Amino acid sequence: MDRENPGSAGAAGDAGDARDAGSAEGPDAREVREEVRVNLILSPERSVPVPARFRYLADDPYAVHITFHLGQDSPVTWVFARDLLVEGMFRACGHGDVRIWPTRQGGRNVICLALSSPAGDALIEAPAGAVACWLESALRLVPPGREDAGLDMDGALAALLAGH
């Protein structure tokens with residue numbers, strides 16, 4: 001599959017992907033994070049490496065947070081469903097603002113993220129192995145189907161009704 005054809009599936013997972021350790025894991029960890037070098041695709045022939053921080057917070061169990069450091073004063077953060085990223089590791093999914101699909105590029109497995117906003121569109125390639133390792137840690141922190149176990153819905157509702 002190529003970048004322009006997100007409809008066909010590719011395999012996810014290369015062990016030799018570029019990443020920097022940075023997970024906040026352990027018995028009391030409430031967060032899993034990973035610094036990953038991704039590529040911002042400018043054209044079929046040109047891309048730019050961009051540092052990105054992948055974060056998963058037990059206090060926000062349905063979402064993943066990806067912050068791109070583009071050399072500007074303020075980084076750009078995207079927040080979307082963890083389930084969308086899980087599915088995107090195996091097959092093309094999403095529509096609208098976030099679309100994800102696996103592919104092979106230059107002999108390595110990558111995950112493509114097509115991001116759209118009123119400010120513009122971006123196509124990101126992330127090393128599948130690094131994303132898969134980080135995602136596995138996030139799934140261990142809060143297993144699928146257990147996302148609501150750590151949420152204090154009664155407390156949140158009480159605070160909302162109290163005007164906090």
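Note: the structure precedes this text.
Residues numbered from 1 in each chain as written. Predicted model: local features only at pLDDT ≥ 70, side-chain atom pairs only at ≥ 80, totals over all residues. Heavy atoms only, no water.

Q: Residues and numbers for the pattern of salt bridges, please.
A: Note on pairing: side chains with opposite charge can pair once their charged atoms come close. Taken as a whole and judged by the stated rule, the model has 5 salt bridges. For Arg-33, the salt bridge identified is with Glu-31, shortest N-O distance 3.6 Å. Look at Glu-31 and you get buried, because its relative accessible area is 17%. We note a salt bridge from Arg-53 to Glu-35, for which the minimum N-O separation is 2.4 Å. Of this pair, Arg-53 sits in strand β3 (residues 46-57) while Glu-35 sits in strand β2 (residues 31-43), placing them 18 residues apart in sequence. Assessed through its relative accessible area of 30%, Arg-53 is described here as partly exposed. Each of Glu-31, Arg-33 and Arg-55 takes part in one network of salt bridges that share partners. (Salt bridge = Lys/Arg side-chain N within 4 Å of Asp/Glu carboxyl O. Buried < 20%, exposed > 50% of the residue type's maximum accessible area, 1.4 Å probe, protein only. Helix = DSSP H or I, 4+ residues; strand = E, 2+ residues; numbered from the N terminus.)

Q: Could you give me a rundown of the nonpolar core, with the residues and numbers involved?
A: Membership of the largest hydrophobic core comes to 32 residues, with the highest contact counts inside it found for Val-38, Phe-54, Phe-68, Phe-80, Ile-100 and Leu-113. Here this core takes 7 residues from helix α2 (residues 128-141), the largest share from any one element. In this structure Phe-68 touches Val-38, Val-50, Pro-51, Ala-52, Pro-75, Val-76, Trp-78, Leu-115 and Ile-124, once residues within four positions along its chain are discounted. Among the nonpolar cores identified, the runner-up in size contains 6 residues, and Val-110, Cys-112, Ala-114 and Leu-123 belong to it. (Core = buried A, V, L, I, M, F, W, Y, C linked by side-chain atoms within 4.5 Å. Contact = heavy atoms within 4.5 Å.)

Q: Lay out the environment of Ser-117 with the relevant residues and their values.
A: Structurally, Ser-117 is set in strand β8 (residues 108-117). For Ser-117, a relative accessible area of 29% corresponds to the partly exposed category. Along the primary structure Ser-117 and Gly-96 are separated by 21 residues, whereas in three dimensions their C-alpha atoms are 9.2 Å apart.

Q: With reference to specific residues and values, describe the layout of surface pockets.
A: Size it by volume and the largest pocket reaches roughly 240 Å³. Considering the residues around the largest pocket, the lining is formed by Leu-40, Phe-68, Leu-70, Val-76, Trp-78, Leu-115, Ser-117, Ala-119, Gly-120, Asp-121, Ala-122 and Ile-124. Only β5 (76-81), β8 and β9 (120-127) provide two or more residues apiece to the lining of the largest pocket. Counting residues per element, the lining of the largest pocket draws most heavily on β9, which supplies 4 residues. Grouping the constituent residues of the lining of the largest pocket by class yields 9 nonpolar, 2 polar and 1 charged. (1 Å grid on protein atoms, 1.4 Å probe; cavity = no way out; pocket = protein on both sides within 12 Å on 5 of 7 lines; lining within 4 Å. Points joined across faces, edges and corners; volume = space filled by probe spheres on them. Nonpolar A, V, L, I, M, F, W, Y, C, P; charged D, E, K, R; others polar.)

Q: Explain the packing of aromatic side chains to me, using residue names and the numbers behind them.
A: Applying the stated criterion to the full structure yields 1 aromatic pair. Taking the centre distance of 5.4 Å and the plane angle of 70° together, the rings of Phe-54 and Trp-134 count as edge-to-face. Here Phe-54, found in strand β3, pairs with Trp-134, found in helix α2; they are 80 residues apart in sequence, far enough to count as distant. For the pair Phe-54 and Trp-134, one class covers both residues: buried. (Phe/Tyr/Trp six-rings, centres within 6.5 Å; stacked < 30°, edge-to-face > 60°.)

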